[in-house]
Structure formats: C-alpha cells, structure tokens
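Inside the fold
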Amino acid sequence: MSGLKLRGVRKSFGAIEVIKGVDLDIESKEFVVFVGPSGCGKSTLLRMIAGLEPITAGDLEIGGARMNDVDPSKRGIAMVFQTYALYPHMTVRENMGFALRFAGVAKPEIARQVDEAARILELGPLMNRRPKELSGGQRQRVAIGRAIVRHPQVFLFDEPLSNLDAELRVHMRIELARLHKELATTIIYVTHDQVEAMTLADKIVVLRDGSVAQVGTPLQLYDDPDNLFVAGFIGSPKMNFLSGVVAAGGSTVRLPDYGDQSIPVAALRSRPADGTPVTVGLRPDHFKRGGAAHLDLNVELIEHLGSETYAYARFGKGEVLTIATQNDRDLKAGARLAAHFDPASALLFDAAGQRIR
Amino acid sequence: MAQANLSRNERISGWVFIAPALVLLGVFMIYPIIWSLWMSFQVGKGMNFSFGGFTNIIRMTKDPVFIRALTNTLIFLVVQVPIMIFLALVFANALNDPSLRFRALFRTAIFLPCVTSLIAYSTLFKSMFAGDGVINKALLAVHIIAEPIAWFADPFWAKVVIILAITWRWTGYNMVFYLAAMQNIDRSIYEAARIDGVPAWARFRYLTIPMLKPVILFTTVISTIGTLQLFDEVYNFTAGTGGPSDSTLTLSLYIYNLTFKFMPSFGYAATVSWVIVVIVGILSFLQFLVARDRRPAA
Ligand SMILES: Nc1ncnc2c1ncn2[C@@H]1O[C@H](COP(=O)(O)OP(=O)(O)OP(=O)(O)O)[C@@H](O)[C@H]1O
Ligand SMILES: [Mg+2]
C-alpha cells in the first residue's frame, strides 16, 4: 500500500504561485515520471511530496494517510538528488549505513543491509572509498544505495542522470528499470528529458507552468496528446505543426501557408465548422509511402543517421517540416518531394491549443 | 614553464618591483625577529648588556612571576578557546538556517564586537562589571547572588571577566569563517539527511563538524595564537597590573612590563617572547597532528 494521492495541491513562494493546483493519483509500485520544461515546477512538486517544502494548499496522501504535516523521515520515502548529496567525509559503506544508526538498527543488521544494497548495485569493490574517489555513475549508484537500505515505500528521484554523460545515462537508465523490477516499489522520477520519460515510465505526468498538462502512459501521450503542448513536448524529433482552416464540411483542412493545398482529415466527432482556424499536427514518422494524403514540398536538407533518414523540407519560404523516412537514402537536397501520410494520423488542435477529437 | 621563458630582463624587473616590499619586510620583520633571538641570550639592565648564554632561561625557571604568567595564559587558552570555537559553531549553524528571520541583523550583531574600538568596549565592560554595575544588579535582582561580586578584586572572577570579554569579542570573528564554509556545503546533503531521519544534533555533529574540519583547525590555530598573545583586555581592565595579585597577568603583559615598566631588561623580555613562539609552534603542530586525516587516502 504505497500509492499517492494529490488533491488540489498548491505551492506559493511569497506572492508567486509555482504549483497551481495539481490532482494526481499514483498507484502502488508504479514508475511515474514528472516531465516538463525547466522551471515548470517538477522539483518543487517532488520536494513537496518529500516534505522538504511545505504544501501551501491541498492534500497529500501516501499509502492512504494524509502526509501534509508529517516529518520527511516519517513519510516512508527516500530521495536521490541530482547532485547526489553524498556525505563527502564518509566512505561508501558509511554513507549508506549512516542514517540507519539513528533508526535504532543494530550494527550487524546495518552491515547486512548495506551489503545487500551493495550487491544489488554492484558496489562491492568500492565500499571503502570516499565519494571524491568515485566516478559520476558510481556516485549515483551510492546515492541510490543509500536510499535502498531504508526500504522506502516510495523512491523519489530528482533528475538523477543529468550530470552523467550520454552513454552512461543510457546505461543507468537500464539499471533503473531493472532496479524498479527488483525492488517492486513506487518510484517518482523527475526529468526534463522526454526520452528518459518515455523509456522508464509506466505513467508520465507532463507539467507545464505548475499545472498538469496531461497524464498517461508513454504511448497514450505520444499517440493521443490532449493539447499542443504535450504533442510538441513528447516525441523526438518534434511533431510538425501546420496552421490551417477547416473546409469542405470538416472533411479537409486548407493550408494557406502551403499554397492552399488541402489535406483530408479523418472524420471528427466534434464536427468543427468550416473556417475554424486549426493547427494540424503531423509527427515526422507519420510520413509514409502509400499514405492517402500528401503535401508537396521542397527538400532543404538531408540527414542520414544510418537506420533513418531525416528530410527537412518546406513549401516556399514557410516553416521547415521534419520528415523521417526509413529507406529513402536516395533523397537529395533541392529535390521536390510529395510527402505522403495517412490522414488518420493527422491531429487537429483548436486556437487555444486543445485537441479537437 | 612560464618562468623558463622569462627573459633575464623581465626577471630583473620582477625583482625590482617586489624589492621595496622585501626591504620593508626585512627591516621591520625579519631583522627584529633575528635580533630578538640574539637579545634573548643577553643579560643586563637598560642599554647596558652582555652575552649571558643560558642565564635568562635559568632565571625564567626560577621566576615565580613568569611561572604565574605562563599558568594564567595557559588557563585562558584551555578554557577560552574551546568555549569560543564551540559557541561560534553553534551560532554559525543557527544563523545558517534559511528559515530564521533577521539573519543579517544577527550576523552583524555577533560580528560587530571584533571591529568595535578596544577602548570603548573595555570601558563598557569595566562599568558593567563594576561593584554597582548592571551585571551585579541583574544577578542580585534575580537572586542568583546574595551580595555583589567584586569582579576585579577576586582572582577567580577577574579571570572569568577576561574570558567573557575575549569570547564576546572574538566569537563573531570565528563564526564568519564557519558561515562562509557552510555556504559552500551543498544544501541537499542536509535535505538527504533529514529525509533519512538523521536528527538535527547528529547532522551538526556528524555532518557539519567533519565537513568544517579544515576551517575549525584554522580558527583553532589562530585563536590559540591570539590567546597566547593576550594583552589588550588585561591591560585595560587592570590598568596594566595584571591584578589582583598577578592573577590575570599574561605572558604578553609580563613582557611589556619587563620592557617598559620595570627597570628595562630587554634580554629577559626577549627570552619570554620566544617562549610564546615555541608554545605556538608546539600547539599548532599538535593541532595539525590531531586533525590529520587518519586514513591514507584523504
Ligand atoms: N525557494 C524558492 N523560492 C522562490 N521561487 C522558487 C523557489 N524554488 C523554486 N522556485 C521557482 O519555482 C519555479 C519552479 O521551480 P522548480 O525548481 O520546481 O523547476 P523545475 O521544473 O524543477 O526546473 P528544472 O528542470 O530547471 O529543474 C521556478 O520558476 C523557480 O524560480
Ligand atoms: Mg528541478
């Protein structure tokens, strides 16, 4: 029983409201990722759950009990910080066992717990080193080990990988996924890297400006975003956005910036009226040969990544669109391109950025 | 590397630029130090002295006033420095808490004594600890004492006042070093400890103090040196006598008296000065030894 429930949670620093009413349910043993641009309040929300920042308004429940005014150490949580926050004067072993001394755990038991964590994290040969004698990835593992020995119900991670290089980041990501399986606890993980979010999460919470933009599984957010913000934030390379106007009784969208080309769109339940301004969202990988719709574009630039090829194309002097293709290695800059796609994959958003379904 | 590339000319200009400072240092520091060492082996009164070998050192071991001054100085050192270092750490820790209001005000208030005028503060202390001063009145009013304490007439209380005064004056100075060092400690270290249930006293004892160890060592050494040279307070509070009956006489005051008050005995005064130097050297060495990292890999 280690689910979390947030109801109308708010946070103000002085007169500035940073978290503007968050409602969220997190199931027991779920891997939840908070993602969003810098300054959107991810860390603040996490620190409120940890008890490091007081909650201005609203309710926080962990494992069914209200935790707003409970001391951080009594919330059944452990936190891993971006800066690792290791005790610099202690060895790895002392770092991991330190807090247990104050929890009334007997010495042999502390040693057993620490050894167990060291085994899980493969820290064995490093136990007598100091933090400054470790690499970034090793420090990170020690920080995680320090959290593990407390057997928390909920792990909180604040951008734990952002100080590591790209290769190590991929490695640690896999480690974390394995760890989540092995420990079977709830994990709340903050990152601004949407790839980390997509690969690790059972559930992603996209935050924007202190509010929840959308909650869902990685693929729900990718395939079925609720708004322009989520559509643009999730997915790499970014989704292409084309502004247009609804026409022909809602069956097509006319694109004034693309020489008035019209593209068919799948029938929508809400039946927007002709003339409604909309934004069409098309993911780079939605362009496929044999799609029923197409856009006529000029190729500006080609990037060959080996397995994939990205074509950057535009109409006249308009916005550059990104098109991912698997096997068009013979595409050349300057060529004309009829970019085909399935009309059903085009997403429509209204002027306020909300999805039209 | 860079040095090797300097031309002869540049090297000469370099020396020319630092020459004035070197000359001043030599004339006003190095020469007097060497001269005082030489002086410490001279005997005689006034300007009329001759080489006496170890006579001064032998005289010292038989001089009850010197023994008195040495004992007093060591008492001041052993009592005052630990109290002050501990207080400074506690204040720094309290004032480093971001949730405390009026932090800047408190910091300034605690730091201010060490930059106030010596005479002003001595006068104030003297009046506060006078027979009918505020301290006695306050203690009488709350019935801690039945009759006023004669602070400056009692050998024990006179030492207490001196210790109070120098502690009051220098605690803030040490605190500033700790505050500066504390600002460099990653705040999430404390947050991690809080989440992990480490109580506040243990965060102070097992995290703050070890992380401040180099600064604590530094302040201990300079405080030790300062206390061994204690002069100002004693001179001002006791009108230069170190009274009552030499109970607050310090080595520095004794040196001063030997040189300028009694029939001048420059040689003997120099010998006593070198005693301070030797004690400072030994104590600093011991402090570094104690604070040294015991593990080979630092
Ligand atoms: N102690 C504080 N006092 C005042 N404002 C704060 C404080 N902490 C954070 N903020 C503000 O709250 C907002 C959210 O900050 P937060 O650190 O939660 O962002 P974040 O989403 O974690 O960003 P990043 O990805 O850069 O870490 C920011 O605008 C920040 O300036
Ligand atoms: Mg953050």
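As annotated in an unreviewed UniProt entry, chain A is Sn-glycerol-3-phosphate ABC transporter ATP-binding protein UgpC from Devosia nanyangense. Under the heading Subcellular location (unreviewed entry), UniProt records this for chain A: "Cell inner membrane". Quoted straight from UniProt, the Sequence similarities (unreviewed entry) entry for chain A says "Belongs to the ABC transporter superfamily."

Quick look at the overall build of chain B now. Within chain B, the secondary structure is distributed over 14 helices and two strands. A globule of 298 residues ought to have a C-alpha radius of gyration of about 19 Å, yet chain B, at 24 Å, is considerably larger. The buried share of chain B, taken over its 298 residues, is 39%. Across chain B, the fraction of contacts at a sequence separation of at least 24, relative to all contacts at a separation of at least 6, is 67%. Separation between the mean location of the 22 positive side-chain charges and that of the 13 negative ones in chain B comes to 5 Å.

Another aspect to go through is helix 3 (residues 107–121) of chain A. Structurally, the α-helix is built with 3.6 residues per turn, so residues lying three or four positions apart point the same way. Residues and elements named next belong to chain A. In this model, helix 3 (15 residues) spans 21 Å end to end at C-alpha, consistent with the 21 Å of a helix rising 1.5 Å per residue. For helix 3, the complete set of buried residues consists of Ile110, Gln113, Val114, Ala117, Ala118, Ile120 and Leu121. Seen from one end, helix 3 has its buried residues packed into an arc of 160°, which puts them on one side. Exposed residues lying more than 90 degrees from the buried face of helix 3 are Pro108 and Arg119. Where the residues of helix 3 are buried, they touch helix 2 (92–97), helix 4 (136–148) and helix 5 (166–183).

Right, let's get into a nonpolar patch on the surface. A cluster of nonpolar residues, Trp15, Phe17, Ile18, Leu22, Leu25, Met29, Ile30, Ile33 and Ile34 of chain B, forms a patch on the protein surface that exposes about 970 Å² of accessible area. Its place among the elements puts Ile34 of chain B in helix 2 (residues 8–39).

Turning our eyes to something else, we now look at the domain arrangement of chain A. Residues and elements named next belong to chain A. If you check the domain split of chain A, you get domain 1 (4–233) and domain 2 (240–356). Of note, the centres of domain 1 and domain 2, computed from C-alpha atoms alone, are 38 Å apart. Each partner contributes residues to the interface: domain 1 has ten residues there, and domain 2 has nine residues. Both sides of the domain 1 and domain 2 interface together cover about 840 Å² of buried area, and 51% of this is carbon and sulfur. Residues Arg355 and Asp224 are paired through a salt bridge, measuring 2.7 Å at the closest nitrogen-oxygen approach. At the junction of domain 1 and domain 2, the tally comes to six residue pairs in polar contact (both at pLDDT 80 or more). Of all the secondary structure elements, the ones that give two or more residues to the side of domain 1 that touches domain 2 are helix 7 (218–223) and helix 8 (228–233).

With that settled, the discussion passes to the domain arrangement of chain B. Residue and element names in this part refer to chain B. Splitting chain B by domain gives domain 1 (2–56) and domain 2 (63–291). The interface of domain 1 with domain 2 comprises eleven residues on the first partner and nine residues on the second. Summing both sides of the interface, domain 1 and domain 2 together bury roughly 850 Å²; the carbon and sulfur share of this comes to 69%. Between the two partners, domain 1 and domain 2, sit zero salt bridges.

Once that is clear, we can look at the pairing of strand 12 (residues 252–255) of chain A. All names here are of chain A. Strand direction decides the pairing type here: strand 11 (residues 240–247) and strand 12, joined by three bridges, are antiparallel. Across the sheet, the residue bridging to Val246 is Val253, located in strand 12. Pairing analysis gives four bridges linking strand 12 to strand 13 (residues 261–264), with the strands arranged antiparallel. Paired with Arg254 across the strands is Ser262, a residue of strand 13.

This part takes up the packing of helix 11 (residues 213–228) of chain B against helix 14 (residues 266–291) of chain B. All names here are of chain B. Direction vectors running N to C along helix 11 and helix 14 enclose 165°, while the axes themselves pass 10 Å from each other. By the angle between their directions, the pair helix 11 and helix 14 is classed as roughly antiparallel. Of the two possible hands of crossing, helix 11 and helix 14 adopt the one that is right-handed. Facing helix 11, whose interface residues are Lys213, Leu217, Thr220, Val221, Thr224, Ile225 and Leu228, helix 14 presents Ile276, Ile279, Val280, Leu283, Ser284, Gln287, Phe288 and Ala291. Each residue belonging to the contact of helix 11 with helix 14 can be placed in one class, and the counts come to ten nonpolar, four polar and one charged.

Let us now look at the pattern of salt bridges. Evaluated as defined, the whole model comprises 22 salt bridges over all chains. A salt bridge links Glu191 of chain B to Arg47 of chain A, with the shortest nitrogen-to-oxygen separation between them at 2.7 Å. Taken together, the residues span two chains, with Glu191 of chain B in helix 9 (residues 187–195) and Arg47 of chain A in helix 1 (residues 42–50). One salt bridge in this structure joins Glu116 of chain A and Arg119 of chain A, with 3.1 Å as the shortest N-O distance. Placement of both Glu116 of chain A and Arg119 of chain A in helix 3 is noted, with a separation of three residues, approximately one turn of the helix.

Thresholds, definitions, all that
The residue count restarts for each chain, going from 1 along the sequence in the order it is written. Chain letters start at A and ligand numbers start at 1, both assigned in the order the entries are written. Given that the model is predicted, a residue must reach a pLDDT of at least 70 before its local features are reported, and side-chain atom pairs must reach 80 or more before they are shown or counted; all residues, however, enter totals for whole chains, interfaces and linings. Water and hydrogen atoms play no part in the side-chain values, which are based on all heavy atoms of the structure. UniProt positions are given in the numbering used here, feature names are shortened, and annotations may be inferred rather than shown by experiment. The numbering of helices and of strands both runs from the N terminus, where a helix is a DSSP run of H or I of at least 4 residues and a strand a run of E of at least 2. Computation of the radius of gyration draws on C-alpha atoms, with the globule rule given as 2.2 Å multiplied by the number of residues to the power 0.38. Categorising residues by exposure relies on relative accessible area from a 1.4 Å probe, with only protein chains included: less than 20% of the type maximum marks a residue as buried, more than 50% marks it as exposed, and the intermediate range marks it as partly exposed. Pairs of residues are marked as contacts when any of their non-hydrogen atoms sit within 4.5 Å. The charged-residue count follows a simple rule in which Lys and Arg add positive charge and Asp and Glu add negative charge, with His and chain termini not counted at all. Working definition for charges: the position is that of NZ of Lys, CZ of Arg, CG of Asp or CD of Glu. Helix span, as expected, comes to 1.5 Å for every residue beyond the first. The arc in question is the one spanned by the directions pointing from the helix axis to the C-beta atoms. A residue counts toward a patch only above 30% relative accessible area and without a salt bridge, and it is joined to like-charged neighbours within 9 Å or, for Val, Leu, Ile, Met, Phe, Trp and Tyr, to nonpolar neighbours within 5 Å. Residue burial considers only the protein chains on display, and all accessible areas are found by Shrake-Rupley using a 1.4 Å probe. Any carboxyl oxygen of Asp or Glu within 4 Å of a side-chain nitrogen of Lys or Arg constitutes a salt bridge here. Each domain's limits were defined by an automated method or a database of domain assignments. Buried area, as used here, totals the accessible surface that two parts lose on assembly, with accessibility defined by a 1.4 Å probe and the loss added over both. Polar contact criterion, stated in full: a pair of N or O atoms within 3.5 Å, where within protein one must be able to donate a hydrogen and the other to accept it, and residues adjacent in sequence count only if both atoms are side-chain atoms. Pairing between strands is defined by DSSP: at least two bridges between the two strands are required. Lines fitted to the C-alpha atoms define the axes, with helices restricted to the stretch that makes contact. Angles between their N-to-C directions range from 0 to 180 degrees. Oblique is the label for every angle not falling under 35 degrees (roughly parallel), over 145 degrees (roughly antiparallel), or within 65 to 115 degrees (roughly perpendicular). Should the near helix be turned anticlockwise from the far one by less than a right angle, the crossing is termed left-handed; should it be turned clockwise, right-handed. Just so you know the grouping, Ala, Val, Leu, Ile, Met, Phe, Trp, Tyr, Cys and Pro go in nonpolar, Asp, Glu, Lys and Arg go in charged, and all remaining residues, Gly too, go in polar.

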